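One letter stands for each residue in the lines below.
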Amino acid sequence: MISHCKSAFLCVLVGLVLYAPQGVCADSSAAGAPWRFTFHHPLPQWKNGLPVGNGTLGAQVWGTGPALYLTLDRGDVWDLRYQPNTRANFNYSHLQELVREGRHDLIQQEMSSDVGPMSDTVPTRISMGRLRISLPPDTLVKRASLDMQHGEVRWLLSVHGKPVVYRVLASLDPDVILVTLDGVEGWTPAVSFYPIGALDPAVASKLGYPKPTSGASGRFSWSTQSLLSSGAVTIAWTTDQKGPQWNLLITIPAQDDAHSVDTAQQTLSSALAEGISKILTNHHQWWSERWSRSQIHIPDPELERLWINGIYKLASSSYQNVPAGLQGLWPPDGELPPWRGDYHIDMNVQETYWPAYSSNQLDLAEPLNDWVTKIVVPQARKITRQFFGVPGIWVGGALDVKGRLLGGQSNWMTVQYWLGGGAWLAQHLWWYYTYSQDKEFLQQQAYPFLKQAAVFYQNILKPGPDGRLHIPLSASPEYFSNDLKAWTADPTEGLSLARNLLRYTIQASETLGMDQQQRAQWVAMERKLAPYPVGDSGLKVQPDAPYDRTHRHPMHLFPIFPGGDLNVEGSPADRELIAKSIENWIFQGTGEWTGWSFPYASLIASRVRRRNQALNELEIYKQAFIWPNGFHVNGDYHGYGYSTHEYQPFTMEAECAFTAAVNGMLLQSWGDKIRIFPTVPESWKDVSFRSLRAQGGFLVSAEMVNGKIISASIASPKGGDAKVVFPLGYVAPGQPFTVRTVHLQPGGQIQIIAR
């Protein structure tokens, strides 16, 4: 077992001692540092705050001492107002006609999927508001820390010169935000709540919301904000004090709950009856089990902390409810979230969920699986039939929580109507199966989606005079922004997505023994699919456009990653094409990249065995694109010169992609082969990981000491044949390697290299 403490007891002890009033351990020792973000000053703004979440409820914890704030959130609360476009000319044929005629203005006017009067604003995520806890005016913040190991924020305060420990966590069962203040003597905290309209009246006015109503009954207080036709949201809380410990419990029922006040009181009453001690015990056990699933150790504790942070953010915002959107459970205080807090299907959703598979956190991907197959599918079938006039499933570029394509004339139609969204979501369903080997999931959820996405391509691809199948009109997301020249046939990423979708669907059909006749059609389609557009500098963006300028989306490299159909273990011609493409990509620079581009680039670098570049991309990300609390803010806001973008909108996908990128240096399993330590940077001499998950459902552990691999093992919960690449470790492109097959029984484990 990899651990930064000599025993589990000591790890817990360190966590407890850290927040004892003396605070000696925290000030004198770095023990456990990768698990925490710690500050020795107040956190006066939302952007400085520390996050907690339980998959449904979230809070950003910040404040000055006398005023402690929680920016509250519930992940499935949306303003859902929507008026679908039912005009006769709202279709793919008319879009193609407008593109041919060069009518950008009409594309924006006529292709919006939502024609409501507020379609540029709603649907949108809604922040719940801000709760304030008022303490005596002499309160000082001695230390503020996010403890990811235990899933809680803890501060050490001084009130009237005496120590007070302030704790905030999001409990899963009961579904409450729990706040405790330990050391309350001779004074009582006061609680007040400010709904979003009170924080910024312009937001409520823009949305047309009435003033919220508030009330109290006995020990319970609440505030209810009408969301007009979208229902209402209630924030309710209660306080309790036993001796020097003061407790605050907060809950937020679903927005469609017609009896939300009663529901909230029941939840809070149950929490009080369960008791604070039991809530804390259950909460800590949940996080302990979470962290027991996998672990890494790398030489840089700051990078290791960001690896932990990616899992922490995903686990906190994607569990037993809707999937995580752009900001997870931490939208900005008093504002509408950037990009509506929606589901961007052209990268953001995918990056967010990349670490769930290799980190052995598959249950964190289940909200995405369920949302795609149960919520998105009905809407996708409907708009595919309406807009394209064909059967099957197509998914647009940006969706609301109900799976509807977002509209508004300010939207980039080149992103909304690119063809690859459904195929990219299909990859995640396929990955869930390959990493889990759950055939029931494959049969009931993944394969029906794969099949219908393939049916869409069967009906949309067009034969050309070359005898190949071509994409008639799509775009490479965001490369040419929303310009007319973005519209193209056969973008590289689109061809790779179609190719990989067909391959996944064929494999799923074979595994399940289903649809043999259709499988033959898919095989023929995949063989006839047009080749990638290639030029002197390697892979192009699209047939008429090489990658000749810097851009944040490396979509022209999709066949390399995450597609994987073009790889360094292929033919000499493949390796030459990869080398040209990567050289040109590097040559064009990073000036138009944003923060999330760097973990993505690290994963690409790992796939092509550029191990030192893989690390450098993460070092740049750490230096330039995150706030001190680990939040990814897209822009190079300190002006280091890595990007011309210096803005600071928070989105969480890069934090998760960072975790996946570290995993990619330690373990890769694409192409039905397991590679152990494939791209460990040359500067990393002492590295280890435990129970990272490989495709095939295998759990792999390994350790490197002083640059030498001293142990490696593979476990198999379900049994199977593991194909392992030898030699272990780095193998340069084009260098020979062998593959050995190891058979494991269900529950079995084998040592490849023993200590």
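Residues numbered from 1 in each chain as written. Predicted model: local features only at pLDDT ≥ 70, side-chain atom pairs only at ≥ 80, totals over all residues. Heavy atoms only, no water.

Trainee: Just give me the short version of the sheet that holds strand β7 (residues 129-134), but keep the residues and values in it.
Mentor: Here we have five strands laid out as an open sheet, ordered β2-β3-β4-β7-β12, and antiparallel in their pairing. Two strands lie at the open edges of the sheet, namely β2 (50-53) and β12 (190-194), each paired on one side alone. Across this sheet, the average inter-strand angle for adjacent strands is 20 degrees, counted without regard to direction. Pairing of strand β3 (residues 57-63) with strand β4 (residues 67-74), which is carried by seven bridges, proceeds in the antiparallel orientation. Across the sheet, residue Val61 finds its bridge partner in β4, namely Leu70. (Pairing = 2+ DSSP bridges. Helix = DSSP H or I, 4+ residues; strand = E, 2+ residues; numbered from the N terminus. Axes fitted to C-alpha atoms, helices over the stretch in contact; angles between N-to-C directions.)

Trainee: Let's hear about the environment of Arg74: which residues, and what values?
Mentor: Looking at the secondary structure, you find Arg74 in strand β4. For Arg74 and Pro331, which are 257 residues apart along the polypeptide, the C-alpha to C-alpha distance reads 9.9 Å. Those residues in contact with Arg74 that lie beyond four places of it in its chain are Thr56, Leu57, Arg125, Met128, Asp175, Ile252, Pro253, Ala254, Asn321 and Leu329. (Contact = heavy atoms within 4.5 Å.)

Trainee: Describe unusual backbone geometry, listing the residues and the values that go with them.
Mentor: In this structure, the amide linkage connecting Phe561 to the following residue, Pro562, adopts the cis form with an omega of 5 degrees. Counting through the fold element by element, Pro562 comes out in the loop between β24 (545-546) and α17 (572-588). Of the consecutive residues Phe726 and Pro727, the connecting peptide bond is found in the cis state with omega at 5 degrees. For Pro727, the position within the fold is in the loop between β30 (720-726) and β31 (738-744). Even without being a glycine, Gln320 presents a positive backbone phi close to 55 degrees. Within the secondary structure layout, Gln320 lies in the loop between α9 (301-317) and β18 (343-344). Residue classification places Gln320 among the exposed residues on the basis of a relative accessible area of 61%. At Asp490, a residue that is not glycine, the phi angle is positive and equals roughly 50 degrees. Relative to the helices and strands, Asp490 is located in the loop between β21 (469-470) and α15 (492-512). Overall, Asp490 belongs to the buried group, its relative accessible area being 9%. (Buried < 20%, exposed > 50% of the residue type's maximum accessible area, 1.4 Å probe, protein only.)

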